[in-house]
Amino acid sequence: STSYDGNLGGISEADTKCQALATAAKPAPLGGTWVAWLSDNTIDAKDRIYNREYKKLDATTIAIDLANLVDGGINTPINIDENTNTLASGLVWTGTIWRGLNHPNRRCVDWTDGTRYQMGYAGDLTKSDWYWTQYSDYPCSSLYHLYCFETSYLPQPVVNTVSPAYGPASGG
């Protein structure tokens, strides 16, 4: 599980980081298309993923659908990385409040600034209440994970890795 400062290169580069983590996962690459759970001034995190059941790589249900994901709490903390390691603690860049919406002015200049002079909102990967995505704001020079969601559309829900490395995705 990798950690990053707030200069992720924008949302599209954060997505590239999630995809790279999925491709490099051990013991085998994770298929599908992976995106970071991030908001910026143009799109909310909830609008970047499909409405489906969300699961960790260990098949534990995180939320039964998108409404459940953004209703103020999830079924279990998102604390497994792309290699199925359980993370005991850590924060995750989100820029996103509990409803899946962007947090104004707490997005590290839309994920392009990694200095201590800007602030970004982060979630706590050990939490299953709204703190999972909306814990507090921190200097963008801090090193945190990413939550990564698998977004390939298939008729049957796929296990979505939301791990701090990707899901928490932590990209880290």
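Residue indices begin from 1 for each chain and proceed along its sequence in written order. Local features in a predicted model are, by the rule used here, given only for residues with pLDDT of at least 70; side-chain atom pairs are given and counted only at 80 or more, and totals for whole chains, interfaces and linings are based on all residues. No hydrogens and no water enter the side-chain calculation; it runs on all heavy atoms of the structure.

Caption draft 1: Examining helix α1 (residues 11-23) more closely. Secondary structure elements are defined from DSSP: runs of H or I of at least 4 residues count as helices, runs of E of at least 2 residues count as strands, and each element is numbered from the N terminus. Here the expected length of a helix is defined as 1.5 Å per residue gap, with one fewer gap than residues. With 13 residues, α1 ought to run about 18 Å at 1.5 Å a step, and its terminal C-alpha atoms sit 18 Å apart, in line with that. Contact criterion: two residues are considered in contact whenever any of their non-hydrogen atoms come within 4.5 Å of each other. Packed against the buried residues of α1 are β1 (34-36), α3 (108-111), β7 (145-146) and β8 (148-150).

Caption draft 2: Highlighting the sheet that holds β7. At least two DSSP bridges between two strands are required for those strands to pair. The mixed open sheet is built from four strands, whose spatial order is β6-β5-β4-β7. Because the sheet does not close on itself, it has two edges, and the strands there are β6 (136-139) and β7. Of the pairings in the sheet, the one linking strand β4 (residues 91-93) to β7 comprises two bridges and is parallel in character. The residue bridging W93 from the neighbouring strand is L146, located in β7.

Caption draft 3: Quick peek at the pattern of salt bridges. Put simply, a salt bridge is a Lys or Arg side-chain nitrogen that is within 4 Å of an Asp or Glu carboxyl oxygen. One pass over the structure, following the stated rule, counts five salt bridges. Taking the shortest distance from any N to any O, the salt bridge between R107 and D110 comes out at 2.8 Å. We note that R107, like D110, is buried. A 1.4 Å probe rolled over the protein chains alone gives each residue an accessible area, and that area as a share of the maximum for its type sets the label: buried under 20%, exposed over 50%, partly exposed in between.

Caption draft 4: Fine view of the environment of S39. Topologically, S39 is positioned in the loop between β1 and β2 (54-55). Considered as a pair, S39 and L101 are 62 residues apart in the sequence and their alpha carbons are 6.9 Å apart. Here a polar contact is taken to be a pair of N or O atoms separated by no more than 3.5 Å, where protein atoms must pair a possible hydrogen donor with a possible acceptor and residues adjacent in sequence count only if both atoms sit in side chains. At a separation of 2.8 Å, a polar atom in the side chain of S39 contacts the main-chain amide nitrogen of A45.

Caption draft 5: How the structure looks around the state of the cysteines. A pair of sulfur atoms, both from cysteines and within 2.5 Å, is called a disulfide here. Under the criterion given, the structure shown has two disulfides. A sulfur-sulfur separation of 1.9 Å characterises the disulfide bridge that pairs C18 with C148. Taking the torsion about the S-S bond as the criterion, the C18 to C148 disulfide, at about -75 degrees, is left-handed. Here C18, found in helix α1, pairs with C148, found in strand β8; they are 130 residues apart in sequence, far enough to count as distant. Accessibility assignment for this pair places C18 and C148 in one class, buried. Here C108 is linked by a disulfide to C140, with a sulfur-sulfur distance of 2.1 Å. Given an S-S torsion of about -100 degrees, the disulfide between C108 and C140 has left-handed geometry. You can see C108 sitting in helix α3 and its partner C140 sitting in the loop between β6 and β7, a full 32 residues away along the chain. The burial state of C108 is the same as that of C140; both residues are buried. Ordering the disulfide-forming cysteines of the protein by sequence position, one finds them joined as 1-4, 2-3.

Caption draft 6: Examining the pairing of strand β5 (residues 119-124) more closely. In terms of residue burial, β5 counts as a mostly covered element, since five of its six residues are buried. Strand direction decides the pairing type here: β4 and β5, joined by three bridges, are antiparallel. Bridge pairing links W93 to A122 in β5. Pairing analysis gives four bridges linking β5 to β6, with the strands arranged antiparallel. What sits directly across from M119, in β6, is P139.

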